Structures are given as C-alpha cells and as structure tokens.
Amino acid sequence: RDELGAIIENAGRYAQNEPGAWAVAPTAEVFGKALESLLAETKRSEPRSRFHMEDENEQEQGKEPTWIIPELIPECATVLMVGATGSFKSFLALDILLSVAIGATCFGSKPVSIGPTIYGAAEGRASLKKARRRAWKVARGIDQSIKDYYVSKAPVIAFPGEMQEFGDEIRKVCGTKQPRLIVLDTVAKCMMGLNENDA
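Residues numbered from 1 in each chain as written. Predicted model: local features only at pLDDT ≥ 70, side-chain atom pairs only at ≥ 80, totals over all residues. Heavy atoms only, no water.

Novice: Before we move on, could you go through unusual backbone geometry and cite the residues and values that matter?
Specialist: Between aspartate 185 and threonine 186 the backbone carries a cis peptide bond, its omega angle lying at 5°. Here threonine 186 lies in the loop between strand E5 (181-185) and helix H8 (187-190). Phi at cysteine 76 is positive, roughly 55°, even though this residue is not glycine. Note that cysteine 76 resides in the loop between strand E2 (73-74) and helix H4 (89-102). Positive phi is not limited to glycine here, since phenylalanine 88 has a value of about 70°. Relative to the elements of secondary structure, phenylalanine 88 occurs in the loop between E2 and H4. Taking relative accessible area as the criterion, phenylalanine 88 reaches 53% and is therefore assigned exposed. (Helix = DSSP H or I, 4+ residues; strand = E, 2+ residues; numbered from the N terminus. Buried < 20%, exposed > 50% of the residue type's maximum accessible area, 1.4 Å probe, protein only.)

In structure tokens form, the structure reads like this:
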C-alpha cells in the first residue's frame with residue numbers, strides 16, 4: 001500500500017498532462033520506428049554466411065553490373081577465352097588490353113573503364129612487346145605512347161611464390177591506379193603441374 005501510494009502521489013506531482021489524459025500514443029506507434037531500426041541493426045551485426053540468400057529487396061539494393069567493355073567483359077570478373085590453336089586468341093587479348101589501356105574502341109564500343117592493363121604471357125612475349133603492339137598501333141592509326149600497357153612473364157598458378165611476386169609487380173607499376181584488366185596466356189602453361197580440365 002505504501003509503495004502504491006508513493007507511485008500515485010508521484011504521478012500526480014510530476015504529471016506532464018492533465019488528469020485523465022493518455023500520456024503517450026500506442027506502444028506500436030511510439031516504439032515502432034526504433035524497433036525497426038534496432039532489428040535492422042541487429043540483422044547487420046550478425047556474421048553473414050558465404051551462402052547468404054538475398055531476398056528481392058537486398059538484390060535491388062546491390063550495385064548494378066558494371067563493364068570494362070560493354071556487354072563483353074564485366075568488371076571484377078574472371079573471363080576465359082577459348083578457341084582452337086591458331087584462332088587468334090592472343091591477338092584478340094592484345095586488342096582488348098591496348099584498347100582498355102588508352103580508351104580506344106574495341107568490338108564496336110569504347111571501354112567504360114580505362115587504366116592499367118597487364119599481359120602475363122607464357123609464350124610469344126617478344127612479339128607482343130614489339131611487332132604485334134606496333135602493328136596494332138599502325139592498324140588503329142594510333143601514334144600516341146601507351147603508358148598503361150605492361151607485358152610480363154606469366155606466373156605458374158601452382159607456385160604461390162610466383163603468384164605473389166606477379167601481384168607485387170602489378171602493385172609496383174600501377175601505384176595508386178586500379179588495374180583494369182590482367183590477361184594470363186596460355187591457360188595450359190599457366191597451369192603447369194595442375195589439371196587444366198579440372199574445374
């Protein structure tokens with residue numbers, strides 16, 4: 001009785017509204033937004049599984065796909081060029097790399113992303129550095145220097161040390177720029193010691 005009396009006395013003494021008035025709106029209205037925010041925050045703080053299933057709302061919130069070359073090479077993707085020996089895969093790779101390095105039209109489109117490109121060649125490096133690069137510039141009517149095109153020996157993927165050194169060299173030549181495209185040619189030679197037909 002004493003405790004209840006104290007509560008009633010305090011309620012009367014410190015009242016913020018006239019007697020008989022509802023002091024607050026319904027609970028759902030008062031705490032609704034705070035609860036939604038809290039639930040969203042709690043959901044974000046939980047570790048997300050690698051296999052998290054995105055609902056439609058999450059799918060819509062994600063970034064739109066971006067391209068290096070529209071409708072041909074997406075950004076942040078791995079692309080495999082497949083064709084018979086002698087089907088000019090290396091010529092096509094060179095065309096794409098040089099186009100992206102300087103922003104030249106490629107496959108009928110201007111590259112969306114322009115910047116450093118790296119050709120990791122396990123064979124034919126001498127002709128890529130000299131004859132083929134020069135021929136491409138003549139064929140395209142380009143006389144400017146191509147500063148963001150680099151040629152290197154390709155790493156063997158099975159040797160972690162080679163992959164690390166290759167990556168370190170990319171960082172060194174790119175500096176603060178983001179590499180736009182890296183080609184490893186050929187798959188067979190880059191995968192020596194591994195089964196290239198094994199997914």
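Novice: Give me a negative patch on the surface: which residues, what numbers.
Specialist: A grouping of Glu54, Asp55, Glu56, Glu60 and Glu64 is seen on the molecular surface, where their side chains present a negatively charged patch. Structurally, glutamate 64 can be placed in the loop between helix H3 (56-61) and strand E1 (67-69). (Patch = residues over 30% accessible without salt bridge, like charges linked within 9 Å, V, L, I, M, F, W, Y side chains within 5 Å. Areas by Shrake-Rupley, 256 points an atom, 1.4 Å probe, with all protein chains shown as cover. Salt bridge = Lys/Arg side-chain N within 4 Å of Asp/Glu carboxyl O. Lys, Arg positive; Asp, Glu negative; His and termini not counted. Charge placed at Lys NZ, Arg CZ, Asp CG, Glu CD.)

Novice: Explain the state of the cysteines to me, using residue names and the numbers behind them.
Specialist: Counted according to the given criterion, the structure contains zero disulfides. Cysteine 106 carries a free sulfur, and the closest cysteine sulfur to it, the one in cysteine 76, is 18 Å from it. A relative accessible area of 0% places cysteine 106 in the buried class. You can see cysteine 174 has no disulfide; the closest cysteine sulfur is in cysteine 76, sitting 14 Å from it. You can call cysteine 174 buried: its relative accessible area is 6%. (Disulfide = S-S within 2.5 Å.)

Novice: Tell me about a positive patch on the surface, and please be specific about residues and values.
Specialist: Taken together, Arg125, Lys129, Lys130, Arg134 and Lys153 make up a surface patch of like positive charges. By secondary structure assignment, the location of arginine 125 is in helix H5 (residues 125-129).

Novice: Kindly report on the pattern of salt bridges, identifying the contributing residues and their values.
Specialist: Considering all chains together, one arrives at seven salt bridges under this definition. A salt bridge links glutamate 75 to arginine 180; the nearest nitrogen and oxygen atoms lie 2.0 Å apart. Taken together, the residues glutamate 75 in the loop between E2 and H4 and arginine 180 in the loop between helix H7 (160-174) and E5 connect sequence positions 105 residues apart. The class of glutamate 75 is partly exposed, set by a relative accessible area of 21%. Between arginine 140 and aspartate 95 there is a salt bridge; the shortest N-O distance is 2.6 Å.

Novice: Run through the sheet that holds E5, naming residues and quoting values.
Specialist: Strand order across the open sheet formed by three strands is E4-E3-E5, with parallel pairing between neighbours. Either end of the sheet is taken by a strand with one partner, and the two such strands are strand E4 (149-153) and E5. Along the sheet, successive strands turn relative to each other by an average axial angle of 15°, direction set aside. Relative to E5, strand E3 (residues 117-121) is paired through five bridges, and the arrangement is parallel. In the strand pairing of E5, isoleucine 118 is matched with isoleucine 182. Contacts from H7 reach E3, E4 and E5 within the one sheet, and its direction differs from that of E3 by about 150°. (Pairing = 2+ DSSP bridges. Axes fitted to C-alpha atoms, helices over the stretch in contact; angles between N-to-C directions. Contact = heavy atoms within 4.5 Å.)

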